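What the coordinates show
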Amino acid sequence: MSNSTEVKNNIIKVGWECPSNIALVKYWGKYGRQLPCNSSISFTLSHAATRTFMTLGDEHSQHSPKVNFTFEGNENAAFQGRIEKFLASISEYFPFVLTHQLTIDSSNSFPHSSGIASSASGMGALALCLCDIDDQLNKRAVYNDDFYHRSSIIARLGSGSASRSVFGVMATWGKHQSIIGSSDEYAVPMAASVHPKFHTFHDDILIISPKEKSVSSSAGHHLMEGNPYAAARYKQAGERMRQLLSSLHTGDLDTFGKITEDEALTLHALMMCSDPSYILMEPNSLLVIKKIKQFRAESGLPVYFTLDAGPNVHVLYPDQYEVEINHFIISELKPLCHEGKIIRDKVNIQGPSKLI
Ligand code: DP6
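Residues numbered from 1 in each chain as written. Predicted model: local features only at pLDDT ≥ 70, side-chain atom pairs only at ≥ 80, totals over all residues. Heavy atoms only, no water.

In this section: the sheet that holds strand S12 (residues 304-307). On the basis of which strands lie adjacent, the open sheet formed by four strands has the order S12-S13-S11-S14 and antiparallel pairing. Looking at strand neighbours, the two that pair on one side only are S12 and strand S14 (342-346), the edges of this open sheet. Going from strand to strand, the sheet's axes swing by 25° on average, the running direction of each strand aside. Where strand S11 (residues 202-206) meets S14, five bridges bridge the pair, whose relative direction is antiparallel. For His202, the partnering residue across the bridge sits in S14 and is Lys346. The strands that helix H8 (residues 283-299) touches are S11, S12 and strand S13 (313-317); relative to S12, the one it contacts most, it runs at about 160°. Here helix H9 (residues 322-333) sits on the sheet in contact with S11, S13 and S14, set at roughly 155° to S13. (Pairing = 2+ DSSP bridges. Helix = DSSP H or I, 4+ residues; strand = E, 2+ residues; numbered from the N terminus. Axes fitted to C-alpha atoms, helices over the stretch in contact; angles between N-to-C directions. Contact = heavy atoms within 4.5 Å.)

Take a look at the structure:
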């Protein structure tokens, strides 16, 4: 990581690239100030990422955030409003957001209309920039464990899943008895507890539909409050975390795959039995799932699926079987994707990178 943050004429300019992540045990349901009702764990991704540049400009006397926001070079009033609101909510951590003009430009590595959620990478990148500027101002800019720990807390306040994006390989978020140092307030890195075969895992993201989802994750979390299965679900998530962590440690692919797939289907089942109920899967999501199960049964190869809160299917498999599984994906699954769109991603070992 370079240490070449620009500090010219009292202007501080920083830039960070933060990856997205895909949860295996899902965070679904929250309480209080962005705290999770159960612990979750995710793979950090390599290609799906957000790059954010932030400049701390002149002082002003407005005493509320004053942001000049562009997304991929274009002004975006809706995003700007959301960022200003978020900054106001975290001004206790960063008083400078109330007193200095901020110029922010963000861009995503994945296509805008791909249906890939950008809140994890977007809020992760924003949090890293804010912590970096704060450290520059306080003359303590060292990018150590404490820096990423604080970034995870800030990222969580922006979007729960973003807390996990500031660490490479895998991260868990939420208190769990079998994870030392785990907390509802921040994620902890898991790379050291995970078998090397998971460090090179593939995640091919099948774009089934690029449409924006009809119910946001935030609304989905809140619907868990009235879900009659909520208590059983939170208990189940804790137990699945324990089993998944053990399989990640030993490299037991069968258990890894079973828990991962059960979690994806549970997430969507919870949406279907919310009040009001809703369905985010599309017919082709189900077809893809069935084909993956069938191919696995016939070939004996370790290929598994998971889904986010949307119709797109993530196909997970070890690097060792890339050729055979890719052949299957191209011939059987690609025709079921929107315009044949697939984003070929992999686990990100390095985590976020400092750009300037
Ligand atoms: C299904 O982190 O997007 O992807 O905290 O309201 O911003 P907010 O929600 P968000 O929810 C992500 C839900 C999920 C599962 C997960 O990533 O763990």
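Attention now goes to the packing of H8 against H9. H9 packs onto H8 with a crossing angle of 140° between their chain directions and a minimal axis gap of 11 Å. The orientation of H8 with respect to H9, classified from their angle, is oblique. The element H8 and its partner H9 pack so that their crossing is right-handed. Between H8 and H9, the contacting residues are Val288, Lys291, Ile292 and Phe295 on the first element and Glu324, Ile325, Phe328, Glu332 and Leu333 on the second. In terms of residue class, the contact of H8 with H9 is built from six nonpolar, no polar and three charged. (Parallel < 35°, antiparallel > 145°, perpendicular 65-115°, else oblique. Left-handed = near helix turned anticlockwise from the far one by under 90°. Nonpolar A, V, L, I, M, F, W, Y, C, P; charged D, E, K, R; others polar.)

What follows covers the packing of aromatic side chains. This structure, assessed with the given rule, holds 17 aromatic pairs. Ring centres of Phe147 and Tyr148 lie 5.2 Å apart, and the angle between their planes is 85°; this geometry places the pair in the edge-to-face category. Looking at Phe147, the relative accessible area reads 0%, which means it is buried. The exposure class of Tyr148 is buried, given its relative accessible area of 11%. Ring geometry for Phe198 versus Phe256: centroids 4.9 Å apart, planes at 45°, classification tilted. Of this pair, Phe198 sits in the loop between strand S10 (187-189) and S11 while Phe256 sits in helix H7 (residues 253-272), placing them 58 residues apart in sequence. (Phe/Tyr/Trp six-rings, centres within 6.5 Å; stacked < 30°, edge-to-face > 60°. Buried < 20%, exposed > 50% of the residue type's maximum accessible area, 1.4 Å probe, protein only.)

Moving on to the site of the ligand. In the vicinity of the ligand lie 17 residues, with Tyr27, Lys30, Ser159, Gly160 and Ser161 positioned nearest. One of the side-chain nitrogen or oxygen atoms of Tyr27 is found 2.6 Å away from an oxygen atom of the ligand. Between the ligand and the protein, one listed contact pairs an oxygen atom with a side-chain N or O atom of Asp308 at 2.9 Å. Looking at the shell around the ligand element by element, the count peaks at three residues for helix H5 (residues 217-223). Its residues assigned to classes, the shell around the ligand shows five nonpolar, eight polar and four charged. (Near = heavy atom within 4 Å. Polar contact = N/O pair within 3.5 Å; in protein donor to acceptor, adjacent residues only side chain to side chain.)

Side chains that differ in charge, positive against negative, can pair when their charged atoms come close. Counted under the stated rule, the structure contains 16 salt bridges. Close ionic contact of Arg51 with Glu17 constitutes a salt bridge, the shortest N to O distance being 2.8 Å. Here the residue Arg51 occupies a position in strand S5 (residues 40-59), and Glu17 occupies one in strand S2 (residues 11-25), the gap between them amounting to 34 residues. Between Lys291 and Glu332 there is a salt bridge, with the nearest N and O atoms lying 2.9 Å from each other. (Salt bridge = Lys/Arg side-chain N within 4 Å of Asp/Glu carboxyl O.)

Here we take up H9. Every buried residue belonging to H9 is among Ile325, Asn326, Phe328, Ile329 and Leu333, and all of these are buried. End-on, the buried residues of H9 take up no more than an arc of 155°, which puts them together on one face. Those residues of H9 that are exposed and angled more than 90 degrees off the buried face are Val323 and His327. Check the buried side of H9 and you find it contacts S11, H8, S13 and S14. (Arc of directions from axis to C-beta.)

To continue, consider the side chain of Asp203. Along the polypeptide, Asp203 turns up in strand S11. Despite its burial, Asp203 remains without a salt bridge, the nearest opposite charge being carried by Lys26 at 8.9 Å. In terms of polar contacts, Asp203 uses its side chain to reach the side chain of His314, at 2.7 Å. In this view, Asp203 contacts Ile22, Leu45, His314, Val315, Leu316, Ile343, Arg344, Asp345 and Lys346; residues no more than four positions away in its chain are not counted. (Lys, Arg positive; Asp, Glu negative; His and termini not counted.)

Turning our attention to the packing of helix H6 (residues 230-250) against H7. In the contact formed by H6 and H7, the axes pass within 9 Å of each other and the chain directions differ by 155°. Relative to H7, the element H6 is oriented roughly antiparallel. You can see that H6 and H7 cross each other, and the crossing is left-handed. When H6 is examined against H7, the residues Arg233, Gln236, Arg240, Gln243, Leu244, Ser247 and Leu248 are found in contact with a partner set consisting of Thr255, Phe256, Ile259, Thr260, Asp262, Glu263, Thr266 and Leu270. When the residues that make up the contact of H6 with H7 are grouped by side-chain class, the tally is five nonpolar, six polar and four charged.

Along the chain, Phe167 falls in the loop between helix H4 (145-158) and strand S9 (170-173). With relative accessibility at 9%, the residue Phe167 sits in the buried group. Each C-alpha atom, one on Phe167 and one on Cys18, is 9.1 Å from the other, the two residues being 149 residues apart in sequence. Contact partners of Phe167, with chain neighbours within four places excluded, come to Thr44, Tyr148, His149, Ser152, Ala187, Val188, Pro189, Gly351 and Pro352.

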